[in-house]
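# Structure assessment
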Amino acid sequence: DAAADKALSLNSSDRDALMLTTAIDIKLEKYDGALKTLTKLQSVDPDNADILHQIGSIYYKQQNMEKCTKAFDQLFSLCTKKESIVPQKYQKAVIILLKQHASKGNYSRVTEIYEALPESARDAETNLDAAKAYAHQKQFDKAIPVFEKLSLSSDDRFLLCQSYLRGGMKQKAKNSLT
């Protein structure tokens, strides 16, 4: 702790060394020590995406989804403040975040996150979560093309049918039922 406090008062290369130390602690599953150091680092550098990513990753490994979601939400907001697409090194974390919001029914947040992910980072589950979120928000023009890319279960096919109907596409709705 004393070394961490001293490094925080010094230059950024010392902070980089602390980040490396926390990465090693995480690998060794010494999460409490890593969190303590990361929290101190964050107090000095609150807009550091790497710190937020590591904090969220620890909480994810500890299955503390509330704190994981909070850290990854901050990470997502920070990333999209600078760029419209999430950088590759944070995409896995952002997909975890999308799934968390989908499980809670936070549909507008799901679509916001989905639109910031490049096509190459979207898997079938992510696409399905986004299609459902668009449909629940009555954004059928966005839901339909995403649904059409997927192999759908009965419930999801029914949601696509509803999207067709509400989007004024009666024949497509009829065809989707057969």
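So, a few notes on the structure that sits alongside this text.

Cut-off values and rules
Residues numbered from 1 in each chain as written. Predicted model: local features only at pLDDT ≥ 70, side-chain atom pairs only at ≥ 80, totals over all residues. Heavy atoms only, no water. Axes fitted to C-alpha atoms, helices over the stretch in contact; angles between N-to-C directions. Helix = DSSP H or I, 4+ residues; strand = E, 2+ residues; numbered from the N terminus. Parallel < 35°, antiparallel > 145°, perpendicular 65-115°, else oblique. Left-handed = near helix turned anticlockwise from the far one by under 90°. Contact = heavy atoms within 4.5 Å. Nonpolar A, V, L, I, M, F, W, Y, C, P; charged D, E, K, R; others polar. Phe/Tyr/Trp six-rings, centres within 6.5 Å; stacked < 30°, edge-to-face > 60°. Buried < 20%, exposed > 50% of the residue type's maximum accessible area, 1.4 Å probe, protein only. Lys NZ or Arg CZ within 6 Å of the ring centre and 35° of its normal. Salt bridge = Lys/Arg side-chain N within 4 Å of Asp/Glu carboxyl O. Core = buried A, V, L, I, M, F, W, Y, C linked by side-chain atoms within 4.5 Å.

### Observations concerning the packing of helix H3 (residues 31-44) against helix H4 (residues 49-61)
In contact at an axis separation of 10 Å, H3 and H4 are set at 150° when each is read in the N-to-C sense. For the element pair H3 / H4, the angle class is roughly antiparallel. Crossing geometry of H3 relative to H4 is assigned as left-handed. Touching Tyr-31, Ala-34, Leu-35, Leu-38, Leu-41 and Gln-42 of H3 are Ile-51, Leu-52, Gln-54, Ile-55, Ile-58, Tyr-59 and Lys-61, all from H4. The class makeup of the residues in the contact of H3 with H4 is 10 nonpolar, two polar and one charged.

### Re unusual backbone geometry
Phi angles above zero are rare outside glycine, and Glu-29 is one such case at about 60°. Residue position: Glu-29 is located in the loop between helix H2 (12-27) and H3.

### Looking at the packing of aromatic side chains
All told, the structure shown has one aromatic pair when counted by the stated rule. With a centroid separation of 6.2 Å and 85° between ring planes, the pair formed by Tyr-114 and Tyr-134 is classed as edge-to-face. Highlighted residues: Tyr-114 in helix H7 (residues 107-115) and Tyr-134 in helix H8 (residues 124-136), separated in sequence by 20 residues. The residues Tyr-114 and Tyr-134 share a single accessibility class, namely buried. Over the face of the ring belonging to Tyr-114 we find Arg-122, whose NZ or CZ atom lies 3.9 Å from the ring centre.

### Some details on the side chain of Ser-176
Turning to its location among the elements, Ser-176 is positioned in helix H11 (residues 170-176). With residues near it in sequence (within four places) discarded, Ser-176 still touches Arg-157, Cys-161 and Tyr-164.

### Side note on the side chain of Gln-54
Along the polypeptide, Gln-54 turns up in helix H4. For Gln-54, the residues in contact, after removing those within four places along its chain, are Met-19, Thr-22, Ala-23, Ile-26 and Leu-38.

### A short note on the pattern of salt bridges
One pass over the structure, following the stated rule, counts nine salt bridges. The partner of Arg-122 in a salt bridge is Glu-119, and the shortest N-O contact between them spans 3.3 Å. The exposure class assigned to Arg-122 is buried, which follows from its relative accessible area of 18%. A salt bridge links Asp-156 to Lys-132; the shortest N-O distance between them is 3.3 Å. With Asp-156 in helix H10 (residues 154-166) and Lys-132 in helix H8, this residue pair connects regions lying 24 residues apart in the sequence.

### What to know about the nonpolar core
Of all hydrophobic cores here, the largest spans 53 residues; its most connected members are Leu-38, Ile-55, Ile-58, Phe-72, Leu-75, Phe-76 and Phe-147. The element best represented in this core is helix H5 (residues 65-82), accounting for seven residues. Those residues in contact with Phe-147, other than ones at most four positions away along the chain, are Leu-128, Ala-131, Lys-132, Ala-135, Leu-152, Asp-156, Leu-159, Leu-160 and Ser-163.

### Remarks on H7
Turning to H7, its buried residues number three or more, namely Arg-109, Val-110, Thr-111, Ile-113 and Tyr-114. Along its buried surface, H7 packs onto H5, helix H6 (91-104), H8 and helix H9 (140-148).

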